[in-house]
Amino acid sequence: MISITLPDRSIRQFEQPVTVAEVAASVGPGLSKAALAGKVDGKLVDTSDVISTDADLAIITDKDAEGLEVIRHSTAHLLAYAVKELFPDAQVTIGPVIESGFYYDFSYKRPFTPVDLVEIEKKMAELAKKDEQVKRKIMPRDQAVAYFKGIGETYKAEIISSIPQGEDVSLYSEGAFTDLCRGPHVPSTGKLKVFKLLKLAGAYWRGDARNEMLQRIYGTAWTKKEDQEQYLHMLAEAEKRDHRKLGKQLDLFHMQDEAPGMVFWHPKGWVIWQQVEQYMRRVYQDNGYQEIRCPQILARSLWEKSGHWENYKDNMFTTESEKHEYAIKPMNCPGHILVFNSDLRSYRDLPLRYGEFGSCHRNEPSGALHGIMRVRGFVQDDGHVFCTEDQIKSECVDFNRLALAVYGDFGFKEIAIKIALRPEKRIGSNETWERAENALREALNACGANWSELPGEGAFYGPKIEYHMKDSIGRSWQCGTMQVDFSTPGRLGASYIDEHSVRQTPVMLHRAIIGSFERFIGILIENHAASMPLWLAPVQVVAMDITEHQADYAKDVVAGLKAAGIRAESDLRNEKISYKIREHSVQKVPYLLLLGDKEMHAKTVTARVRDGKGGGENLPPMTLDDFILHLKSEIAAKRAS
RNA sequence: GCCCGCAUAGCUCAGGGGUAGAGCAACCGCCUUGUAAGCGGUAGGUCGUCAGUUCGAAUCCGACUGUGGGCACCA
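Values in this document were obtained by computation on a predicted structure and should not be read as measured data.

Draft legend 1. Representation of the sheet that holds strand E20 (residues 318–321) within the structure. Pairing is antiparallel in the open sheet, where 3 strands are placed in the order E19-E21-E20. Taken across any chain shown, the strands that pair with only one partner, and hence form the sheet edges, are strand E19 (297–299) and E20. Between one strand axis and the next, the sheet turns through 40 degrees on average, direction left out of account. Sheet analysis places E20 next to strand E21 (residues 324–328), joined by 4 bridges and oriented antiparallel. Note that in E21 the partner of Thr318 across the bridge is Ala327.

Set out below in C-alpha cells:
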C-alpha cells in the first residue's frame, strides 16, 4: 500500500506503484488534463514518473511557476524537433530555459535566415498540434554516447561524454526526435500552445570563444495567449525607452563613425552630466574624500610595473613621443598611488581617501560596444582608499551605505548586489581572503542589504562587491563597485610607517558608485524614460506666452527664475499654446508656465505639471516667488515632480 | 573579436536595375491663438565608403566602416 499526500494534506492510497498521471486522474479529469509534471517530495518529475513509496505529491499545472518552466523547456525541445524535421542534417546541442523564454543552439552548414525562423515556428505549431507523446527513456552513459554518435549528433555525444562514467542518462523522444535531457517535460506536445520565436544569434559552443560558433534561436513561451501578448507589448514599450532613441529625441548626445565608442555630449545632455558630477562632488566632500586630478597619459614603464602592460596591453590605447612609449590610462588607480607615494605617509594618515572624476579609455572589442552603456572613452567617479586591513570593514560599511543612499537619490529602486569571491588564480593567503570576503559580507549585513555571491569571480588581487542595475529591457549593467586590493599598492611601492616605525604596505580599496558616467546616465535615462526628476532635468521650466502681448511678462518671469538658479527657457514663438505644450511635453520638461492676460494682470504664473498625481494638470495660480519656493523644495527633496 | 541583420533628406521611414518619395522639422508668408500637432508655399539627398557586374547601380555581388541583436570579453 502506497500513501500519496497531496498539498491539501489529503492522503490517497494505492495498491501498487502509480504514476503521477494516474494520481492526477484519480483526483479528477480536470486535473488529469491539466497535469504538466509532478513534484514528488520536492523533486520535479514527469507525469509518467512512477511513485513506488509513500510520498508528498503536488501536481504541477500551468498555474504553477514550475509549470511555466516545464512548458518553456519542452518548447525548446519542440524547437529542436522542428529544426530536425526541416533540416535533418542540423545538429542539436543545448536548449535551456531563460528568463521569460528559452533558446536552443544548433550547428548547421548554412546560417538560418529570418525566413527559416518563420518556417520553423510554423513547423513547431504543426508538431504541437499532433499532440505527440513525450517519452522518457533511461540509458547507460556509454550506450547513450554510442547512440548519439550513431545518429551523427556529435555535440550531444560530447556532452554525455562529460557525464561521469557508469551513470545513467535520460533521453526524451517525441515523434522521430530524441534528445538528451534531465527533464521533466510535458506529457505531450499538445500542451505547448503559446510560443513565439524571437531572434537569431550566434553563440560559441560551450561558451568558449575558441570553439565553433553555433546558431542560437531565442523564443518565448507562455501558458496563456494574453500573457505572451502582454510580454511582447511590454518589450515594445521598453524599446521606446532605449537611451539611444531618447538621447536623440531629447538632443542629449550623439555618436558618430569618427569616434566609435565615444560620446559627443550636447548641451542638454551635458546639463544632466553636470548635475550628476556636482552631486557626486558633494558626496566626495561630505564623506572624507579629497578630490584630485591625474594625467591622461602615463609612461609604459608605469604600466609595466602595475602589470597592465603584460596582461591588458590589447585593451589600452598607446602612443609615443621622442622614442618613449605611453598609454592613455585605462584606469585611475596607478595615478592615485603616485599621489599617495608623493609624500611620506604615517599610519595616522590612514584611511586616506582620494576621489577623481577620472577619464579613462579602454580599447574594448568592437562587438562589446553598446550605446553609451559600454564605450571606449568614459569617466568614472573613481575613488581609492588607502587603509590598513583592520579598516577594510568599516570603510566597506560606510561605502555601501553611501552607495545605496546615492542610488536612492537618483530614483533607483532595484539594485542587485553581488560579491565576487576568490578566483582560482589569486595572490594573498587564504586567511587574508577570508577576512576580506567576510568584511564585505559584514558590511552588507550591517546595512541590511541582500546579495548574491559569485564564487571564483573576484579579481586576482582581491574580492569585490558589485552593484548592478537593469536597463529598459532587463539587461543588467554593473555600476558601482567596491574592490579590496592587496596587490597593486605593493607593486607600485606604496607604503606607510606604522606605530612601531616599520614600513608597511597599505591595502587599497577601489570604489565607484556611479561607475561610468556614460553608463549611469544611460541607465538613468532608461529608468526614468527620459522624464528626469526636476533636479536633473536639463530644462526645468519653459515659460510660454499665449499671445505676443505677454511676451515681455514671460521674459521677466524667465529672468526671475534664472536669477533663482532655475534652468528656465522661454517659448515666445507665434504658435498656438497647445502646439507649444505638445512640443515641450514631448521634450519631458517638468513644468510649463502658461502666461496669458490673466496671469500678466494678476502677476501670477500658471504651471502645468509633467508628472505625478496631477500630471497634465495645472498647479493653482501663484506668484512667481511661491512657484520658485515650490521648485526649490522639490529640487532639494530630489523627488520627481 | 565571432555569427546574423541594418545603413535613403536634420528626424521617422517608404521605394527599388533606367540617375529619388512622404510626414515631421527648417525657411517664407497668412493666422494672434488658454492646456498634446492651425493653413499655404519654398528649399533640402553623390541613397555609409570603396571596388565589381551591367549599355546603365541607390537597387545585384564583394570588401570596408559604423550600427543593432546575441556570443565571447569587461583588468
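Draft legend 2. Representation of the packing of aromatic side chains in the model. Enumeration according to the criterion identifies 28 aromatic pairs in this entry. Consider the rings of Tyr279 and Trp535, whose centres lie 5.2 Å apart with planes at 50 degrees: the pair is tilted. Separated by 256 residues along the polypeptide, Tyr279 in helix H9 (residues 267–286) and Trp535 in the loop between helix H16 (517–527) and strand E31 (541–545) bring together distant segments of the chain. For the pair shown, Tyr279 and Trp535 are each scored as buried. Ring pairing ties together the aromatic residues Phe253, Trp265, Trp270, Trp273, Tyr284, Tyr289, Phe357 and Phe517, which thus form one cluster. Positioned over the ring face of Tyr218 is Lys199, at 5.2 Å from the centre of the ring.

Draft legend 3. Spatial organisation of H16. Within H16, 10 of the 11 residues are buried, which leaves it mostly tucked inside the rest of the structure. Looking at H16, one finds that the buried residues are Phe517, Glu518, Arg519, Phe520, Ile521, Gly522, Ile523, Leu524, Ile525 and Glu526. Sitting at the amino-terminal end of H16 is Ser516, which places a side-chain oxygen 3.2 Å from the backbone nitrogen of Glu518. Looking at the residues trailing H16, positive phi occurs at Ala529, about 50 degrees.

Draft legend 4. Quick peek at the sheet that holds strand E33 (residues 591–595). With mixed pairing, 4 strands are arranged side by side in an open sheet as E32-E31-E33-E34. Edge positions in the sheet fall to strand E32 (568–571) and strand E34 (606–609), since each has one partner strand and no second. Strand-to-strand twist in this sheet, taken as the mean axis angle between neighbours without regard to direction, amounts to 25 degrees. The pairing of E31 with E32 spans 4 bridges and is parallel. Residue pairing in the sheet places Ala543 in a bridge with Ser570 of E32. Lying over the sheet, helix H20 (residues 624–637) contacts E31, E33 and E34, oriented at roughly 175 degrees with respect to E33.

What counts and what doesn't
Residues numbered from 1 in each chain as written. Chains lettered and ligands numbered in written order. Predicted model: local features only at pLDDT ≥ 70, side-chain atom pairs only at ≥ 80, totals over all residues. Heavy atoms only, no water. Pairing = 2+ DSSP bridges. Helix = DSSP H or I, 4+ residues; strand = E, 2+ residues; numbered from the N terminus. Axes fitted to C-alpha atoms, helices over the stretch in contact; angles between N-to-C directions. Phe/Tyr/Trp six-rings, centres within 6.5 Å; stacked < 30°, edge-to-face > 60°. Buried < 20%, exposed > 50% of the residue type's maximum accessible area, 1.4 Å probe, protein only. Lys NZ or Arg CZ within 6 Å of the ring centre and 35° of its normal. Polar contact = N/O pair within 3.5 Å; in protein donor to acceptor, adjacent residues only side chain to side chain. Contact = heavy atoms within 4.5 Å.

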